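Architecture at a glance
If you want the building blocks of each chain, they are given just below.
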Amino acid sequence: MFDYRPPADLLAGRTILVTGAGSGIGRACTLSLLAHGANVVMLSRSRSKLENLYDEAERSWPGRSFIQPIDLSRAGTDDYAAIAASVERQFPALDGLVHNAAVLGPRSPIEFYPEKQWREAMQVNVNAAFLLTQCLLPSLAKSADARILFTASSVGREGRAWWGAYAVSKFAVEGIMQTLAAEVGTTTSIRVNSLNPGGTRTAMRAAAYPGENPDTLPTPESLMPVYLYLLGPDGRDLHGQALDVRDFDPRP
Ligand code: NDP
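Numbering of residues begins from 1 in every chain and follows the order in which that chain's sequence is written. Only residues with pLDDT of at least 70 are given local features in this predicted model, and only at 80 or more are side-chain atom pairs given and counted; all residues enter the totals for whole chains, interfaces and linings. Side-chain descriptors were evaluated using all non-hydrogen atoms of the structure, hydrogens and water having been removed beforehand.

1. Notes on the overall build of the protein
Helix and strand content of the protein: 7 helices and 7 strands. For the purposes of this entry, the term helix denotes a DSSP run of H or I that reaches at least four residues, the term strand denotes a run of E that reaches at least two, and both are numbered from the N terminus. In the protein, the succession of α and β elements from N to C terminus is β-α-β-α-β-α-β-α-β-α-β-α-α-β. Both definitions apply: the radius of gyration is a C-alpha atom measure, and the globule rule equals 2.2 Å times residues to the power 0.38. Taking 252 residues into account, the globule formula puts the C-alpha radius of gyration at 18 Å, and the protein, at 17 Å, falls close to it. Overall, the C-alpha framework of the protein stretches about 50 × 40 × 40 Å when taken along its three principal axes.

What follows is the structure, encoded as C-alpha cells:
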C-alpha cells in the first residue's frame, strides 16, 4: 500500500464534500479529511448515520463538519440547487468533491436484470454524480486547487458477467471523469480523476461476496493515504487518470 504520511494540517483551509459519508469508505474518508484539517460536507442517505458521524467529528474537530442528508435515488433539481446554495453560502469555495456513494444492486444476468434496480443504480451511481458535479462546478471553480474524485471499480474497467447495472454504471463513471477532465483541464485549476479502491472491508463488499472472510480485506482506513494524496496539494499534477489504490504510486 502507498506509504504517505502527510502532516495533520495537510488540508487546512480546504472544504471537501464527500458523498456516501455515512458508511464504509466514505465514513473513513470523512474522518481522515477532518483529521488532516479540512472542513467536510458529509452527504449521505441515512440521517441517523450522519448525525452519529457528526457527533464523533465534533468531539475531535469542532465546527468543521456539516451534514447534508439526501437520498440520491430520489433527489430532484431543487435538492441539488439547495445543496449548491448551501455550499456557496457557507464557504468561499469548494476544494474537493468525492463521489463515493453507490449502490450495488442485484447480481443477475442482463437478460433478467430488474428494471427498477437498474434505474436506481444508474440514478445513484451515475446521474447523481453528474447532477452534483454540475451544480457544484461554480464553487469548485472558485478554488485555487480543486479536485473531483470519482469512485471506480474493477468491474467498470472490464465487464464481468452478472454485475449488471453496477458494472455499467462504473463504466459510465469513467466516461464522466474523462469527459469532464478534458473540458476543465485547460480552463480551470480543477483536477479530475477516478480511483478504484479495490476489495475493501465494507457492507457493500460483504453483500457482493457473502462467503468471504472480511478479515482478509484491507480496511477503509488503510486506503486513506491515497485519498489524502489525491485531495491535497501533492496530487495537483494528476489529472484525467483512472487510478487504483492497490498500485498507486505517483512518484517517478
Ligand atoms: P457502503 O455500502 O459501505 O457505503 C455506500 C455509501 O453510499 C453509504 O454511505 C450509503 O448511505 C451511500 N448511499 C447509497 N445509496 C445512497 C442514496 N440513494 N443516497 C445517498 N447516499 C447513498 O459501500 P463502500 O464503502 O464499500 O463503497 C464506497 C464506494 O467504493 C462505492 O462507490 C463503491 O462502488 C466503491 N467500491 C467499493 C469496493 C469495496 O470492496 N468496498 C470495491 C470497489 C469500489 P447510507 O450509509 O446512508 O446507507
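2. Quick word on empty space enclosed by the protein
Buriedness for pockets is judged along seven lines, at least five of which must meet protein on both sides within 12 Å for an open set on the 1 Å grid over protein atoms alone, while cavities are sets there where a 1.4 Å probe fits but cannot get out, and lining residues have an atom within 4 Å of a point. Grid points are joined across faces, edges and corners, and a volume is the space filled by probe spheres set on the points. Across all of its chains, the model carries 1 cavity of 30 Å³ or more by this definition. Volume-wise, the largest cavity comes out at about 100 Å³. Sorting the residues of the lining of the largest cavity by element identifies helix H4 (115-141), strand E5 (147-151) and helix H5 (164-184) as the ones contributing at least two each. Ranked by residues supplied to the lining of the largest cavity, first place goes to H4 with 5 residues.

3. As for the sheet that holds strand E2 (residues 39-44)
Should DSSP find at least two bridges between two strands, the strands are regarded as paired. Ordered in space as E3-E2-E1-E4-E5-E6-E7, the 7 strands form an open sheet in which the pairing is parallel. Pairing within the sheet leaves two strands with one partner each, and these edge strands are strand E3 (65-69) and strand E7 (242-244). Each adjacent strand pair in this sheet contributes to an overall mean axis angle of 20°, direction not counted. Strand direction decides the pairing type here: strand E1 (residues 15-19) and strand E4 (residues 96-99), joined by 3 bridges, are parallel. Between N-to-C directions, angles cover 0 to 180 degrees, with each direction set by a line fitted to C-alpha atoms, over the stretch in contact for helices.

4. Re the environment of Ile 70
Its location among the elements puts Ile 70 in the loop between E3 and helix H3 (77-90). Measuring from C-alpha to C-alpha, the distance between Ile 70 and Arg 47 comes to 8.1 Å, with 23 residues separating the pair along the chain. Contact between two residues is taken to exist if any of their heavy atoms lie within 4.5 Å; hydrogens are not considered. Excluding its chain neighbours within four sequence positions, the residues that come into contact with Ile 70 are Leu 43, Ser 44, Arg 45, Ala 75, Asp 79 and Ile 83.

5. Notes on the nonpolar core
We define a nonpolar core as any set of buried Ala, Val, Leu, Ile, Met, Phe, Trp, Tyr and Cys residues linked to one another through side-chain atoms lying within 4.5 Å. Throughout this description, buried means an accessible area under 20% of the type-specific maximum (1.4 Å probe, protein chains only), exposed means over 50%, and partly exposed covers the range between. Formed by 38 residues in total, the largest nonpolar core has its most connected members in Leu 17, Leu 132, Leu 136, Phe 150 and Val 192. Put simply, the parts of the chain that give this core at least two residues each are E2, H3, H4, E5 and H5. The residues contacting Leu 136, other than those within four sequence positions of it, are Leu 17, Ala 84, Val 87, Leu 94 and Leu 97.

6. Thoughts on the pairing of E1
Burial runs high along E1: 5 of the 5 residues are buried. The alternating pattern of E1 places Thr 15, Leu 17 and Thr 19 on one face and Ile 16 and Val 18 on the opposite face, and all of these are buried. As paired elements, E1 and E2 share 5 bridges and run parallel to each other. Paired with Thr 15 across the two strands is Asn 39, which belongs to E2. Handedness of the E1-helix H1 (residues 24-35)-E2 crossover: right-handed. Think of it like this: strands point away, you trace from the first strand over the helix to the second, and a clockwise trace means the crossover is right-handed.

Coordinates in, geometry out; function isn't part of it.
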